[in-house]
Amino acid sequence: AQLAATAGPNDLALDWLRLRVAEFPLAWLSHWLPGNTIAGTLAAGESAIRPAAGGGFALHTPASWRFNHVSFAPAGATPFPIDAELAPAVTVLGDHVTAAVENLAVTDASANRLTGRIAVDAQVAAKTASAEVALDASLPDLPHSAGTFGPLEASLRAKFHNISERIVGAVIWPVTRLRRR
């Protein structure tokens, strides 16, 4: 892992902090989670914190974080390894916060795959927030599906927002492309 500060707080052209990781063994994290097993590798990724126009800051991810053969299993459970990729992004301008997980992709050993994007936007002082979810799934080999419905493809699109401090509105498009391949 590399950690480097590359600019001062008033320089919009340079990063305040950059984190770049390559081939980090995740089993090392098991030391802090006794009784659980973590396996796999953080293969690569790079994120930077930089100033944002308007006086805030932003977390930018020029190289998506890629995880290979990652599994987490509580004591006695069978690990379920996946490969994953994601690119987090966060911008904070005063009390306005936006965050997203871009380039989301999760694949298991049977080639079942989930891709998409999740984003949130919040105005803290106004107590308003919204979220948007866009997910696509290609599921050629779900466990126990061979004799029932077989391979599936699906897409889900949803938007959520609060109308007041206590009422949440949602617009959910039906799952599309739910079909057998």
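Structure: see above.
As the structure is a prediction and not an experimental result, all values here were calculated from the model.

Asks: Mind showing me how you'd approach the overall build of the chain here?
Replies: The number of helices and strands found in the chain is zero helices and ten strands. Looking at the chain residue by residue over its 181 residues, the buried ones come to 26%. Partitioning the contacts of the chain with sequence separation of at least 6, the portion at a separation of at least 24 is 39%.

Asks: Explain unusual backbone geometry to me, please; I cannot follow it from the model alone.
Replies: Glycine aside, negative phi is the norm for most residues, and most peptide bonds take the trans geometry. Despite not being glycine, A111 shows a phi value in the positive range, around 75°. Relative to the helices and strands, A111 resides in the loop between β6 (96–108) and β7 (113–123). Look at A111 and you get partly exposed, because its relative accessible area is 44%. Within the chain, K127 stands out as a residue other than glycine whose phi angle is a positive 55°. Exposure remark for K127: the relative accessible area of 48% places this residue in the partly exposed category.

Asks: Before we go on, may I ask you to explain the nonpolar core in this structure?
Replies: A general trend in soluble globular proteins is that nonpolar side chains are found buried together. Residues V21, L26, I38, L42, W65 and V70 constitute the largest nonpolar core, which totals six residues. Contributions of two or more residues to this core are made by β3 (36–52) and β4 (56–74).

Asks: Looking at this structure, I do not really get the side chain of T61. What am I missing?
Replies: Locating T61 in the fold gives a position in strand β4. For T61, a relative accessible area of 13% translates into the label buried. Reaching out from T61, the side chain makes a polar contact with the side chain of S47 at a distance of 2.9 Å. Among residues more than four places away in sequence, those in contact with T61 are E46, S47, A87 and P88.

Asks: Looking at this structure, how should I read the packing of aromatic side chains?
Replies: To describe a pair of aromatic rings, you give the distance between the ring centres and the angle between the ring planes. Under the counting rule described, the total for this entry stands at two aromatic pairs. Here F24 and W28 contribute two aromatic rings whose centre-to-centre distance is 5.6 Å and whose plane-to-plane angle is 80°, an arrangement assigned as edge-to-face. When its relative accessible area of 45% is taken as the criterion, W28 is described as partly exposed. Ring plane angle 70° and centroid distance 4.8 Å describe the contact between W28 and W32, whose orientation is recorded as edge-to-face.

Asks: I would appreciate a short explanation of a nonpolar patch on the surface in the present structure.
Replies: A surface patch of nonpolar side chains, about 530 Å² in accessible area, is lined by W28, L29, W32, L33 and F72. Mapped onto the secondary structure, W32 falls in the loop between β2 (17–25) and β3. Classification of W32 as exposed rests on a relative accessible area of 57%.

Asks: Quick question: what am I supposed to make of the pairing of β4 here?
Replies: Every regular strand shows the same layout, with side chains that alternate between the two sheet faces. Here β3 pairs with β4 via 13 bridges, running antiparallel. By the bridge assignment, P51 is partnered in β4 with F57. With seven bridges connecting them, β4 and strand β5 (residues 82–93) associate as antiparallel partners. Of the residues in β5, the one forming a bridge with A58 is T91.

Asks: Looking at this structure, how should I read the pattern of salt bridges?
Replies: A side chain with one charge may pair with a side chain of the opposite charge, provided their charged atoms come close. Inspection of every chain in the model, using the stated rule, returns six salt bridges. A salt bridge links E46 to R18; its shortest N-O distance comes to 2.1 Å. One end of the pair, E46, is in strand β3; the other, R18, is in strand β2, and 28 residues separate them in sequence. Both residues of the pair, E46 and R18, count as buried. Between D136 and R157 there is a salt bridge; the shortest N-O distance is 3.1 Å.

Calculation notes
- Residues numbered from 1 in each chain as written.
- Predicted model: local features only at pLDDT ≥ 70, side-chain atom pairs only at ≥ 80, totals over all residues.
- Heavy atoms only, no water.
- Helix = DSSP H or I, 4+ residues; strand = E, 2+ residues; numbered from the N terminus.
- Buried < 20%, exposed > 50% of the residue type's maximum accessible area, 1.4 Å probe, protein only.
- Contact = heavy atoms within 4.5 Å.
- Core = buried A, V, L, I, M, F, W, Y, C linked by side-chain atoms within 4.5 Å.
- Polar contact = N/O pair within 3.5 Å; in protein donor to acceptor, adjacent residues only side chain to side chain.
- Phe/Tyr/Trp six-rings, centres within 6.5 Å; stacked < 30°, edge-to-face > 60°.
- Patch = residues over 30% accessible without salt bridge, like charges linked within 9 Å, V, L, I, M, F, W, Y side chains within 5 Å.
- Areas by Shrake-Rupley, 256 points an atom, 1.4 Å probe, with all protein chains shown as cover.
- Salt bridge = Lys/Arg side-chain N within 4 Å of Asp/Glu carboxyl O.
- Pairing = 2+ DSSP bridges.

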